[in-house]
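Structural description and commentary
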Amino acid sequence: MIQLTDVNKWYGQFHVLKNINLQVKKGEKIVICGPSGSGKSTMIRCINSLEEHQKGQIIVGGTELTDDLKNIELVRKEVGMCFQHFNLFPHLTVLENCTLAPIWVKKMPKKEAEALAMKYLERVQITDQANKFPGQLSGGQQQRVAIARSLCMNPQVMLFDEPTSALDPEMVREVLDVMVELANEGMTMLCVTHEMGFARQVADRVIFMDQGEIIEENNPHDFFDNPKSDRTQLFLSQIL
Ligand code: ADP
Ligand code: MG
């Protein structure tokens, strides 16, 4: 579903991604962790073409990400993304946030888009808020809307970039529950998160990044209980 081969990226002189190799099969759940500034967000953003890479190859669902706008649009339709700061449109209602892309990108009739949106809002248990504006919702509710909004595009892959790290502690669980459910339904997922309980529960593999490199990659059991590299051990000792 996703293949990164020797991917390199620079911000000016700064080498932010160094020879990244990663393969994600359909249905796999990958958790990415690592210290702040290690390039996790940059890698995720490259997979969705929000950032360009300069060297190497990124293939998503059989389409290679090049400068070709057609390819970028193709990939964005297949890849859903949830950010730390929800990024909902504040001037649109919850329902309108969810129907916008299906109507404008997929040319779906409004009624059909609304029915679809209500189906996903029900899945994240938020139908009663459909006509409110994002600012009227709690952080946890907004993040669940953001997930529902992505699902309305029927993505093949979901990317999450620290979806719970801006939330008050009591709201983390409700968002993780939605993510676990999604994982159990077989969604292909790439999640940057430091929620290690979540990683143990759903991840097929955990990837540790540091200074733009993938340092270690293992199943959650071995990753947490028997980390190989010193840097992974240090990191885990700081967050667990
Ligand atoms: P992480 O998500 O692991 O915290 P990022 O991918 O956000 O790391 O950032 C990796 C490094 O790249 C950091 O040192 C950050 O300061 C730098 N960086 C991120 N975005 C930009 C940018 N647009 N321009 C220049 N440097 C950037
Ligand atoms: Mg980040």
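What you see is a predicted model, and the numbers here were worked out from it, not measured in a lab. (Residues numbered from 1 in each chain as written. Chains lettered and ligands numbered in written order. Predicted model: local features only at pLDDT ≥ 70, side-chain atom pairs only at ≥ 80, totals over all residues. Heavy atoms only, no water.)

Structural notes on the pattern of salt bridges
Pairs can form between side chains of opposite charge whenever their charged atoms are close. Selection rule: The term salt bridge refers to a pairing of a side-chain nitrogen on Lys or Arg with a carboxyl oxygen on Asp or Glu at a separation within 4 Å. Working definition: helices are DSSP H or I runs of at least four residues, strands are E runs of at least two. Numbering for both runs from the N terminus. Buried, partly exposed and exposed residues are distinguished by accessible area as a fraction of the type maximum, computed with a 1.4 Å probe on protein chains only: under 20%, between the cut-offs, and over 50%, respectively.
Under the criterion given, the structure shown has ten salt bridges. Between glutamate 114 and lysine 110 there is a salt bridge whose closest N-O contact spans 3.7 Å. Note that glutamate 114 and lysine 110 are positioned in helix α4 (residues 110–123) at a spacing of four residues, about one turn of the helix. What makes glutamate 114 partly exposed here is its relative accessible area of 21%.

What to know about the layout of surface pockets
As a reminder, the rule being used: Both site types are read off a 1 Å grid over the protein atoms alone. A 1.4 Å probe that fits but cannot get out defines a cavity, while an open set with protein on both sides within 12 Å along at least five of seven lines defines a pocket; lining residues have an atom within 4 Å of a point. Grid points are joined across faces, edges and corners, and a volume is the space filled by probe spheres set on the points. Residue polarity is assigned by list, with Asp, Glu, Lys and Arg as charged and Ala, Val, Leu, Ile, Met, Phe, Trp, Tyr, Cys and Pro as nonpolar; anything else, Gly included, falls into the polar class.
For the largest pocket, the calculated volume is near 640 Å³. Contributing to the lining of the largest pocket are 20 residues, with Arg76, Val79, Ala101, Arg149 and Met153 lying nearest its centre. Elements with a minimum of two residues in the lining of the largest pocket: α2 (69–78), β6 (79–82), α3 (94–104) and α5 (139–151). Taken together, the residues that form the lining of the largest pocket break down as eleven nonpolar, five polar and four charged. There is about 190 Å³ of room inside the second largest pocket. Surrounding the second largest pocket, 13 residues form its lining, Leu151, Asn154, Pro155, Leu182 and Met187 being those nearest its centre. Along the lines of polarity and charge, the residues of the lining of the second largest pocket split into five nonpolar, five polar and three charged.

Considering the site of ligand 1
Note the cut-off: Residues are labelled near a given molecule or strand when at least one of their non-hydrogen atoms is within 4 Å of it. In protein, a polar contact means a hydrogen-donor-capable atom and an acceptor-capable atom, both N or O and within 3.5 Å, with residues adjacent in sequence counting only if both atoms are side-chain atoms; elsewhere, any N or O pair within 3.5 Å suffices. Each accessible area is a Shrake-Rupley estimate made with a 1.4 Å probe; only the visible protein chains count as cover when residues are assessed.
Surrounding ligand 1, one finds Tyr11, Phe14, Val16, Pro35, Ser36, Gly37, Ser38, Gly39, Lys40, Ser41 and Thr42. With respect to ligand 1, the backbone of glycine 39 contributes an N or O atom lying 3.0 Å from an oxygen atom. For ligand 1, the accessible surface in isolation is 570 Å², of which the surrounding protein chains cover 59%. For the shell around ligand 1, the secondary-structure elements that each account for two or more residues are β2 (14–24) and α1 (40–47). Among the elements that line the shell around ligand 1, the one with the most residues is α1, at three residues. Class assignment for the residues of the shell around ligand 1 results in four nonpolar, six polar and one charged.

So, empty space enclosed by the protein
Applying the stated rule across the entire model yields one cavity of 30 Å³ or more. Quantified by volume, the largest cavity comes out at close to 40 Å³. In this structure, the largest cavity is lined by Arg123, Val124, Ile147, Leu151, Val178, Glu181, Leu182 and Glu185. Broken down by element, the residue count for the lining of the largest cavity peaks at three residues, all from helix α6 (residues 169–184). Residue composition of the lining of the largest cavity, by class: five nonpolar, no polar and three charged.

Quick notes on the sheet that holds strand β4 (residues 55–60)
Stated formally: For two strands to pair, DSSP has to find at least two bridges joining them.
If you trace the four strands from one edge of the open sheet to the other, you get β2-β1-β4-β5, paired in antiparallel fashion. Each of the sheet's edge strands pairs with one partner strand only, and the pair in question is β2 and β5 (63–64).

Focus on the state of the cysteines
Filter applied, for reference: Any two cysteine sulfur atoms lying within 2.5 Å of each other are counted as a disulfide.
Scanning the model with the defined rule gives zero disulfides in all. Free of any disulfide, cysteine 152 has its nearest cysteine sulfur in cysteine 98, 4.7 Å distant. The class of cysteine 152 is buried, set by a relative accessible area of 2%.

Quick word on unusual backbone geometry
With a phi angle near 55°, asparagine 87 is a residue other than glycine that sits in the positive phi range. By secondary structure assignment, the location of asparagine 87 is in the loop between β6 and α3. You can call asparagine 87 partly exposed: its relative accessible area is 40%. For glutamate 162, which is not glycine, the phi dihedral falls at a positive 45°.

Brief notes about the UniProt feature "domain: ABC transporter" (unreviewed entry) in the chain
Quick note on the threshold: UniProt positions are given in the numbering used here, feature names are shortened, and annotations may be inferred rather than shown by experiment.
With numbering aligned to this structure, UniProt lists the feature "domain: ABC transporter" (unreviewed entry) at residues 2–236. Across residues 2–236, the secondary structure splits into 39% helix and 26% strand, with the terminal C-alpha atoms separated by 27 Å.

Here we look at the sheet that holds strand β8 (residues 188–192)
Defined as follows: Lines fitted to C-alpha atoms define the axes, with helix axes restricted to the stretch in contact, and inter-axis angles between N-to-C directions lie between 0 and 180 degrees. Here, two residues are considered to be in contact whenever any of their heavy atoms come within 4.5 Å of each other.
Read from one edge of the open sheet, six strands run β6-β7-β8-β3-β9-β10, paired in mixed fashion. Both edges of this open sheet fall to β6 and β10 (213–218), since each of them pairs with a single strand only. Within the sheet, the average angular offset between the axes of one strand and its neighbour, ignoring direction, is 20°. With four bridges joining them, β6 and strand β7 (residues 157–161) adopt parallel strand pairing. Note on β7: the bridge partner recorded for methionine 81 is leucine 159. Those strands touched by α5 are β6 and β7, and its axis lies near 170° from that of β6.

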